[in-house]
Amino acid sequence: MLLQRISDGRFADNSLSNFWRSLSELDAARHNLNRLLTGDSAAGTSSEFPALNVWLSEDDALVEAELAGIEAEDIDISVTNDSLTLRGSRPAYALAEGERFHRQERGSGQFSRSLQLPFRIDADNVEANLSKGVLQIRVPRAESDKLKKIMVRPA
Amino acid sequence: MVTAIAEADKQEVQEAIESTRAGRVFVPRADIFESQDKLVVLADMPGVDESSVEITVENNILTLQGFVKAPVRDGYRPVLTEYGVGDFRRSFTLSNAIDREGIEAACKNGVLTLTLPKSKSLLPKKVTVKAVSD
């Protein structure tokens, strides 16, 4: 589903940009509806961790994830051809002697997510930045995959 | 064994209070634990740092707020939106056992840590038994 949607993006031109925006809003609405239908939202862990937001331009893609409480060295990003894999872990808080939890909503453990982009990735120039618990990865399109304009000369 | 992270989806605040700010507001996921002398609240507020967080105590209600600006990206179109971006807000009721003056807050990697010390008068006291000589 995810892969399908993104690879379809390859053919979307600017006039379709509004369409894509509405589609992603629709997707968020569907997601919320699913949560309502499947019962208790607090217990609902329907989606994969971390949730991702992706934006595309002609030259690159921006991939964002909320990774609160995770150190940069605990995040591993790898790139192959046209896909990006995000791995890492968030350690569980270790209770000291005499401490007990009243509430525990923050997840801990390992995560792994892969994302296929609609272009070949320029792997040497991928930049990742973690700030205030938000990870942003800029994934540039490989030079060989960029749109080339061919001039037509009059004969 | 290490388990995979599973946590509830990011949720928007559902309440009747009229907001004075535009935009969406989310409930931060929180852990609360208690030790003998304090309560600790950990709240996930990605995008928030010490300059954009506000903590208030009013009538026994502790309110955490974090302000996040959703980015504007010219030249980009969203192709996948799995989470929303906006402010964070959550309130907790404080018991009388908390020493309001002693509340401390820290923010790191988008996690707000609040330390709520218990009032000294309510901490368990050790009573020394004096030897009585007769």
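The structure displayed is predicted, hence computed values, not measured ones. Once a new chain begins, its residue numbering starts again from 1 and follows that chain's sequence as written. Chain labels run from A onward and ligand labels from 1 onward, assigned in the order the entries are written. Residues qualify for local features only when their pLDDT is at least 70, as the model is predicted, and side-chain atom pairs are given and counted only at 80 or more; totals for whole chains, interfaces and linings, by contrast, use all residues. Hydrogens and water are ignored here; the side-chain numbers use all heavy atoms of the structure.

Draft legend 1. Geometry of the side chain of Glu-66 of chain A. Structurally, Glu-66 of chain A is set in strand 2 (residues 60-66). Polar contacts involving the side chain of Glu-66 of chain A include one to the side chain of Lys-10 of chain B, which spans 2.8 Å. Setting aside residues no more than four positions away along its own chain, Glu-66 of chain A makes contact with Phe-49, Pro-50, Ala-51 and Gly-133 of chain A together with Lys-10, Pro-46, Tyr-83 and Gly-84 of chain B. Under the scheme used here, helices are H or I runs from DSSP no shorter than 4 residues and strands are E runs no shorter than 2 residues, and both carry numbers assigned from the N terminus. Two N or O atoms count as a polar contact when they lie within 3.5 Å, although within protein this holds only if one can serve as hydrogen donor and the other as acceptor, and sequence-adjacent residues are included solely when both atoms are side-chain atoms. By the convention used here, residues are in contact when the closest approach between their heavy atoms is within 4.5 Å.

Draft legend 2. Quick look at the pairing of strand 7 (residues 77-81) of chain B. Three exposure classes are used, based on accessible area relative to the maximum for each residue type with a 1.4 Å probe and protein chains only: buried under 20%, partly exposed in between, and exposed over 50%. Burial within strand 7 of chain B is extensive, with 4 of its 5 residues counted as buried. Where strand 1 (residues 52-56) of chain A meets strand 7 of chain B, 4 bridges bridge the pair, whose relative direction is antiparallel. Across the sheet, Val-54 of chain A pairs through a bridge with Leu-80 of chain B, a residue of strand 7 of chain B. DSSP bridges decide pairing: two strands pair if at least two such bridges lie between them.

Draft legend 3. Up close: the interface of chain A and chain B. Contact residues are listed per partner, giving 61 residues for chain A and 46 residues for chain B. The term buried area refers to how much accessible surface (probe radius 1.4 Å) is lost by two components on association, counted for both of them together. Buried surface at the junction of chain A and chain B, both sides included, amounts to about 5000 Å², of which 50% is carbon and sulfur. Summed over the three residues of chain A that lose the most area to chain B, namely Glu-66, Arg-106 and Lys-132 of chain A, the buried surface amounts to 15% of that side. When a carboxyl oxygen of Asp or Glu lies within 4 Å of a side-chain nitrogen of Lys or Arg, that pair is called a salt bridge. Between the two partners, chain A and chain B, sit 10 salt bridges. With a shortest N-O distance of 3.1 Å, Glu-34 of chain B and Arg-100 of chain A are connected by a salt bridge. Linking chain A with chain B are 24 residue pairs in polar contact (both at pLDDT 80 or more), by the criterion used here. Contributions of two or more residues to the side of chain A that touches chain B are made by helix 1 (2-8), helix 2 (17-37), strand 1, strand 2, strand 5 (100-104), strand 6 (109-116) and strand 8 (134-140) of chain A. Broken down by element, the side of chain A that touches chain B gets its largest block of residues, 8 residues, from helix 2 of chain A. Gly counts as polar in this scheme, as do all residues outside two lists: the nonpolar Ala, Val, Leu, Ile, Met, Phe, Trp, Tyr, Cys and Pro, and the charged Asp, Glu, Lys and Arg. Residue composition of the side of chain A that touches chain B, by class: 24 nonpolar, 21 polar and 16 charged. As defined by bridge partners, strand 5 of chain A adjoins strand 3 (residues 30-34) of chain B across 4 bridges and the pair is classed as antiparallel. By the bridge assignment, Arg-103 of chain A is partnered in strand 3 of chain B with Ile-32 of chain B.

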